[in-house]
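Architecture and fold: a report
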Amino acid sequence: MKNYLQEIKDKNILCEIYNDKSDSSKFFLGYIIAYDERVMIVENISSNGVHDGYYCLPLESIFRICWDTVYIRNFVKLLAGKDFKRGNLKLDVKNLLSGFLAQIKSSKILCNVELYNDELSELTGYLEDADEVNLLVNLINTDGLSDGKALIRLEDISCVSIDTEYLKKIKAFCS
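Note that the structure is a prediction, hence the values are computed from the model and not measured.

Another point: the sheet that holds strand β2 (residues 28-35). What the ten strands build is an open sheet, ordered β5-β1-β2-β3-β4-β10-β6-β7-β8-β9; its pairing is antiparallel. With one partner strand each, in any of the chains shown, β5 (64-67) and β9 (146-153) form the two edges of the open sheet. Ignoring which end each strand starts from, the neighbouring axes of this sheet average 40° apart. Across five bridges, β2 lies against strand β3 (residues 39-45) in antiparallel orientation. In the strand pairing of β3, Y31 is matched with E43. Its contacts with the sheet put helix α1 (residues 2-10) on β1 (15-18), β2, β3 and β5, and the angle it makes with β2 is roughly 105°. Sitting on the sheet, helix α3 (residues 96-106) touches β2, β3, β4 (51-58), β6 (111-115), β7 (122-130), β8 (134-140) and β10 (157-162), and the angle it makes with β7 is about 95°.

Here is the structure:
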């Protein structure tokens, strides 16, 4: 699998990434930015053809990756008529997850944390601390107001995202 991931990453191949076995109609459409033995970072593109953030996904949660599909070929045609601009996330670390979290923390980037086995559990906020076991998040509610803190075990996290359309809206409310 790693040979294919490396080729997709190196050639900037647009792909569909599936990680929700309960709903295989949902997938990320985007580019693989980086991966290691534990996680993958994907630059997502919204269905409207705009940059929609970065998602850090556990590799174990990904059950299918597709590229060169009819959907993607048609989507590329739609993108051709837009002024699509890719993001500029740069990561140069050996441990991708800890490096991604450290960058979020040090740059004070608003993030969204989704938990396994709980579709309703998405936490939005700023990372206060992270270690090999836990993540401490200063929570921000949907109105952009401080809403306490949450301590989360890393093993319970299904996704950490930054720079999404949703988070840009929340950040605007914080101002």
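So, next bit.
For the rest of this paragraph, the subject is the packing of aromatic side chains. As enumerated under the stated definition, the model contains six aromatic pairs in all. Summarising the aromatic geometry, the rings of Y18 and F63 are spaced 6.2 Å apart at their centres and angled 55° between planes, so their arrangement reads as tilted. Here the residue Y18 occupies a position in strand β1, and F63 occupies one in the loop between β4 and β5, the gap between them amounting to 45 residues. Pairing F28 with Y55 gives two aromatic rings, centres 4.7 Å apart and planes at 55°, and the pair type is tilted. Residue F28 is found in strand β2, and its partner Y55 is found in strand β4; the two are separated by 27 residues along the sequence. A single burial state applies to F28 and to Y55, both of which are buried. Each member of the aromatic cluster is reached from another via a ring pair, and the members are Y18, F27, F63, Y71 and F75. Taking NZ or CZ as reference, R64 lies 4.1 Å from the ring centre of Y18, over its face. It is R86 that lies over the ring of Y31; its NZ or CZ is 3.8 Å from the centre.

Parameters and conventions
Residues numbered from 1 in each chain as written. Predicted model: local features only at pLDDT ≥ 70, side-chain atom pairs only at ≥ 80, totals over all residues. Heavy atoms only, no water. Pairing = 2+ DSSP bridges. Helix = DSSP H or I, 4+ residues; strand = E, 2+ residues; numbered from the N terminus. Axes fitted to C-alpha atoms, helices over the stretch in contact; angles between N-to-C directions. Contact = heavy atoms within 4.5 Å. Phe/Tyr/Trp six-rings, centres within 6.5 Å; stacked < 30°, edge-to-face > 60°. Buried < 20%, exposed > 50% of the residue type's maximum accessible area, 1.4 Å probe, protein only. Lys NZ or Arg CZ within 6 Å of the ring centre and 35° of its normal.

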